Amino acid sequence: MAEQPVIQTRQLTKSYGRHRGIEDVTFDVTRGEVFGFLGPNGAGKTTTIRLLMDLIRPTAGAAWIFGLDVRAQGLEVRRRVGYLPGELRLYEGMRSEDLLRYLGHLRGGVGWAEVKRLADRLGADLDRRIGELSSGNKQKVGLIQALMHRPDLLILDEPTAGLDPLIQHEIHALLSEAVADGRSVFLSSHILPEVEALCHRVGIIREGRLVAVEEIDALKARALRRLEIQFATAVPPAAFANLAGVQDVSTQDSVVRCTVVGSLDAVIKAAARFEVVNVVSHEPGLEEIFLAYYGGTDAP
Ligand SMILES: Nc1ncnc2c1ncn2[C@@H]1O[C@H](COP(=O)(O)OP(=O)(O)OP(=O)(O)O)[C@@H](O)[C@H]1O
Ligand SMILES: [Mg+2]
């Protein structure tokens, strides 16, 4: 028998009165997987996550976590899930340490050594009152409370939003360690390099509908990348004609610009025949990837 998915949704739908929330969202997340949830602002990522956490109720459809109905068995689900909300609200008047101890008690006791370890890794000062913390430092407290009971599943709504690159890196490391431990992660993000680095699969949600669920490698293979190569001297444009996956080649003096779909191998090998001064690669934004996928029209 196939292993029970850690998250399962079937036709999950939430309508906010006249306003669209999400519609017919169906996907599975398997154990040990990092599943990324991508989509433009207002696409429905937070709505989906709130439904999973039973903070709002679906208009139709259902969701299960570890095979447990998130509505009927919400308490049991929460015990095994670490959740970071997108719009974090913490008790501003409390010191971080007191808040984490309080939440730890609510969860039936949490090893303080683990809290200290996470705080050290993230550079969080637990002595300060939450209301006095910068938004990035509040986010760290939010992450610690999500991770501290070593839950089997992490559900994180934009975990690295507003954090500096060093801390983002540390969070990626913590999440990778959790996965190496056999735990699973569901995260929403707008940061494509983060999703590329961390996720095995992604779901793309647009206007409330899940338009694709893809392996990250398939997503990368279809991504468009702008490339600019500066040579020591002018190069013949013909050297970059008809290369696999290379489009829109323009040559201006000693600079060649092009768009590459998928692997950079062909263009790099073509460039290597001349003296290269610099290579600049522009990572495609989410929007470009969406356009590359769907040509700006409806999903296939
Ligand atoms: N409480 C609410 N009442 C009415 N409409 C809502 C409510 N919450 C969300 N919506 C609407 O549902 C849609 C999805 O919003 P949601 O917050 O899930 O998007 P998101 O993908 O998380 O976006 P972002 O990337 O900006 O965080 C939006 O059109 C939003 O306006
Ligand atoms: Mg959101």
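All values reported here derive from a predicted model rather than from experimental measurement.

Chemist: Looking at this structure, I do not really get the domain arrangement of the protein. What am I missing?
Modeler: The accessible area lost on association of the parts is a frequent measure of interface size. Along its sequence, the protein is carved into domain 1 (7-220) and domain 2 (224-283). Here the C-alpha centre of domain 2 lies 40 Å away from the C-alpha centre of domain 1.

Chemist: In this structure, what is going on with the sheet that holds strand 4 (residues 60-65)? I would like to understand it.
Modeler: One key point about sheets: their strands pair by backbone hydrogen bonds, in either a parallel or an antiparallel sense. Spatial strand order, 2-1-4-5: four strands in an open sheet with antiparallel pairing. Single-partner strands in this sheet number two, and they are strand 2 (19-29) and strand 5 (68-69). With seven bridges joining them, strand 1 (residues 7-16) and strand 2 adopt antiparallel strand pairing. Following the sheet pairing, Ile 7 is matched in strand 2 by Val 29. With respect to the sheet, helix 1 (residues 45-52) is in contact with strand 1, strand 2 and strand 4, its orientation differing from that of strand 1 by roughly 115°.

Chemist: Quick question: what am I supposed to make of empty space enclosed by the protein here?
Modeler: It is the rolling of a water-molecule-sized probe over the atoms that shows where space remains empty. Evaluation of the coordinates by the stated rule reveals one cavity of 30 Å³ or more. The volume enclosed by the largest cavity comes to roughly 30 Å³. No other element matches helix 2 (residues 74-79), which puts three residues into the lining of the largest cavity. When grouped by side-chain class, the residues that make up the lining of the largest cavity number four nonpolar, one polar and two charged.

Chemist: In this structure, what is going on with the site of ligand 1? I would like to understand it.
Modeler: Taken together, 13 residues sit near ligand 1, with Gly 42, Gly 44, Lys 45, Thr 46 and Thr 47 positioned nearest. Between Tyr 16 and ligand 1, the recorded distance is 3.4 Å, taken from a side-chain N or O atom to a nitrogen atom. One of the backbone N or O atoms of Arg 20 is found 3.1 Å from an oxygen atom in ligand 1. The fraction of the free accessible surface of ligand 1 (640 Å²) that becomes covered by protein chains is 64%. Looking at the shell around ligand 1, the elements that each hand over two or more residues are strand 2 and helix 1. For the shell around ligand 1, the element with the most residues is helix 1, which contributes three residues.

Chemist: What's the story with the environment of Arg 209 in this structure? I'm lost.
Modeler: Residue placement: Arg 209 occurs in strand 10 (residues 209-215). Between the C-alpha atom of Arg 209 and that of Arg 20, which follows or precedes it by 189 residues, the distance is 10.0 Å. Setting aside residues up to four positions removed in sequence, Arg 209 forms contacts with Glu 23, Asp 24 and Ile 204.

Chemist: Which parts of the structure should I look at to understand the nonpolar core?
Modeler: Side chains of nonpolar character tend, in soluble globular proteins, to be buried together. In terms of nonpolar packing, the biggest core is built from 42 residues, with Ile 144, Met 148, Leu 156, Leu 175, Leu 187 and Val 202 touching the most fellow members. Ignoring anything within four residues of it in the chain, the contact list for Leu 187 reads Val 34, Phe 35, Gly 36, Phe 37, Leu 156, Pro 159, Leu 175, Glu 194, Leu 198 and Cys 199. One finds Ile 49, Ala 63, Leu 68 and Ile 205 within the second-largest nonpolar core, a separate group that totals 28 residues.

About the cut-offs
Residues numbered from 1 in each chain as written. Chains lettered and ligands numbered in written order. Predicted model: local features only at pLDDT ≥ 70, side-chain atom pairs only at ≥ 80, totals over all residues. Heavy atoms only, no water. Domains from an automatic or database assignment. Pairing = 2+ DSSP bridges. Helix = DSSP H or I, 4+ residues; strand = E, 2+ residues; numbered from the N terminus. Contact = heavy atoms within 4.5 Å. Axes fitted to C-alpha atoms, helices over the stretch in contact; angles between N-to-C directions. 1 Å grid on protein atoms, 1.4 Å probe; cavity = no way out; pocket = protein on both sides within 12 Å on 5 of 7 lines; lining within 4 Å. Points joined across faces, edges and corners; volume = space filled by probe spheres on them. Nonpolar A, V, L, I, M, F, W, Y, C, P; charged D, E, K, R; others polar. Near = heavy atom within 4 Å. Polar contact = N/O pair within 3.5 Å; in protein donor to acceptor, adjacent residues only side chain to side chain. Areas by Shrake-Rupley, 256 points an atom, 1.4 Å probe, with all protein chains shown as cover. Core = buried A, V, L, I, M, F, W, Y, C linked by side-chain atoms within 4.5 Å. Buried < 20%, exposed > 50% of the residue type's maximum accessible area, 1.4 Å probe, protein only.

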